[in-house]
Amino acid sequence: MYNDIVGFSLTTPAWLHTFAEVGTDAGLFLFAALFVVAAVRAWRGPARDLALVIAGPAGIVGAYVVSEVVKLLVREDRPCRGGVATIAACPPLDDWSFPSNHSVIAAGAAATLVLAWRGLAWLVFPLAAVMACSRVFVGVHYPHDVAAGFLLGVALAPLFTLLLVGAVTPAVRLARARLLGGQSEPSRSAPYANPSAPYAEPPLANRSVASMSRSRMPGSE
């Protein structure tokens, strides 16, 4: 399958070659921009939604680290070794093939964005799939490298994000309180606790009780 895909890619126009090479990295910048838009959108929403956006990149990094560990364990050579003609230059010898890191990052970004903004699913998942498949199109990965990377990103990035969101949400609430109000939560103590506050008459019910008590005291008549 790899040879068929690469053979077909070489017959496509030169502009498509450029688009396939540049598009993968450009797609990562587009995902970064979507995280910024999602953060602005979630700013006045529930604190957990904004925390999901903030924790998302950390979840992606966690999935990427796992993929790097798998690469070092599997140590699969790139398919472009051995003089195979490809659109992209073959990576260095110590840059292993399985799984595809680009696929991990793209799929992880899509999955974590959808946690906080479900309406993006129609855009981000197809975009991630195209970015992943382009790695085979340009000749630097086998199809199974891309499939494994996509599954790792979709599964692990949201998992790591959800593990972190519980710690990030209180920080979001605190940051909002300081930026919007600049004051801590009001005290629930009674208004008479402050001796410097101006005198205020007690409520009517309290005055009635006090009057009844005085009227029942000996010698009050």
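Within each chain, residue numbers correspond to sequence positions counted from 1 in written order. In keeping with the model being predicted, local features are shown solely for residues with a pLDDT of at least 70 and side-chain atom pairs are shown and tallied solely at 80 or more, while totals for entire chains, interfaces and linings include all residues. Neither water nor hydrogens contribute to the side-chain values; these are computed over all heavy atoms in the structure.

All right, on to helix 3 (residues 47-74) then. In this model helix 3 runs 41 Å from its N-terminal to its C-terminal C-alpha over 28 residues, within 8% of the 40 Å that 1.5 Å per residue would give. Strands here mean DSSP runs of E at least two residues long; helices mean DSSP runs of H or I at least four residues long; both are numbered from the N terminus. In the segment just after helix 3, R75 is the residue with positive phi, at about 55°. One less than the residue count of a helix, multiplied by 1.5 Å, gives the span that helix is expected to have.

For the rest of this paragraph, the subject is the packing of helix 2 (residues 14-42) against helix 3. Running from N to C, helix 2 and helix 3 point in directions that differ by 155°, and their axes come no closer than 7 Å. As judged from the angle between their axes, helix 2 and helix 3 are roughly antiparallel. Handedness of the helix 2/helix 3 crossing: left-handed. Of the residues in helix 3, those in contact with F35, A38, A39 and A42 of helix 2 are D49, L50, V53, G56, P57 and I60. Partitioned by chemical class, the residues of the contact of helix 2 with helix 3 number eight nonpolar, one polar and one charged. As a rule, the C-alpha atoms of each element are fitted with a line to give its axis, helices using only the stretch in contact, and angles between N-to-C directions run from 0 to 180 degrees. Under this scheme an angle from 65 to 115 degrees is roughly perpendicular, one under 35 degrees roughly parallel, and one over 145 degrees roughly antiparallel; angles in between are oblique. What makes a crossing left-handed is the near helix being turned counterclockwise from the far one by less than a right angle; a clockwise turn instead makes it right-handed. Whether two residues are in contact is decided by their heavy atoms, any of which lying within 4.5 Å being enough. For this classification, the nonpolar set comprises Ala, Val, Leu, Ile, Met, Phe, Trp, Tyr, Cys and Pro, the charged set comprises Asp, Glu, Lys and Arg, and every other residue, Gly included, is treated as polar.

A separate point is the confidence of the model for the chain. Residue-level confidence of the predictor is what pLDDT reports, using numbers from 0 through 100. On average, the chain scores 82 in pLDDT, and the residues at 70 or more come to 81%. Low pLDDT, under 50, characterises residues 183-202; the stretch is placed with eight contacts to residues that sit more than four places away or in other chains. Across residues 207-213, where pLDDT falls below 50, the model places two contacts with residues more than four positions away in sequence or in other chains.

Let us now look at the environment of L174. When you line up the elements, L174 lands in helix 6 (residues 143-181). Remark: exposure states derive from per-residue accessible area (1.4 Å probe, protein chains only) relative to the maximum for the residue type, with buried under 20%, exposed over 50%, and partly exposed in between. Note on L174: relative accessible area 46%, which makes it partly exposed.

Two cysteine sulfurs form a disulfide in these notes if their separation is within 2.5 Å. On inspection of all chains with the given rule, the structure shows one disulfide. Note on cysteine connectivity: C80 is disulfide-linked to C90, with sulfurs 2.0 Å apart. For the disulfide bridge between C80 and C90, the dihedral angle about the S-S bond is near 75°, and by the sign convention the bridge is right-handed. Pair noted here: C80 is in the loop between helix 3 and helix 4 (101-116) and C90 is in the loop between helix 3 and helix 4, with a separation of ten residues, a long-range link. For C90, a relative accessible area of 31% gives the class partly exposed.

Centre distance within 6.5 Å is the pairing criterion for rings of Phe, Tyr and Trp, where only the six-membered ring of Trp is used; planes under 30 degrees apart are then read as stacked, over 60 as edge-to-face, and the remainder as tilted. Tallied over the full model, the rule gives one aromatic pair. Just above the ring of W43 sits the side chain of R176; from NZ or CZ to the centre is 5.6 Å. In this scheme, the term charge over a ring applies when either NZ of a lysine or CZ of an arginine sits within 6 Å of the ring centre and within 35 degrees of the ring normal.

To continue, consider the packing of helix 4 against helix 5 (residues 121-137). Axis separation between helix 4 and helix 5 bottoms out at 8 Å; the angle between their running directions is 175°. Between helix 4 and helix 5, the angle falls in the class roughly antiparallel. Along the contact surface, helix 4 presents H102, S103, A106, A107, A110, A111, L113 and V114, while helix 5 presents A121, V124, F125, A128, M131, A132 and R135. Taken together, the residues of the contact of helix 4 with helix 5 sort by class into twelve nonpolar, two polar and one charged.

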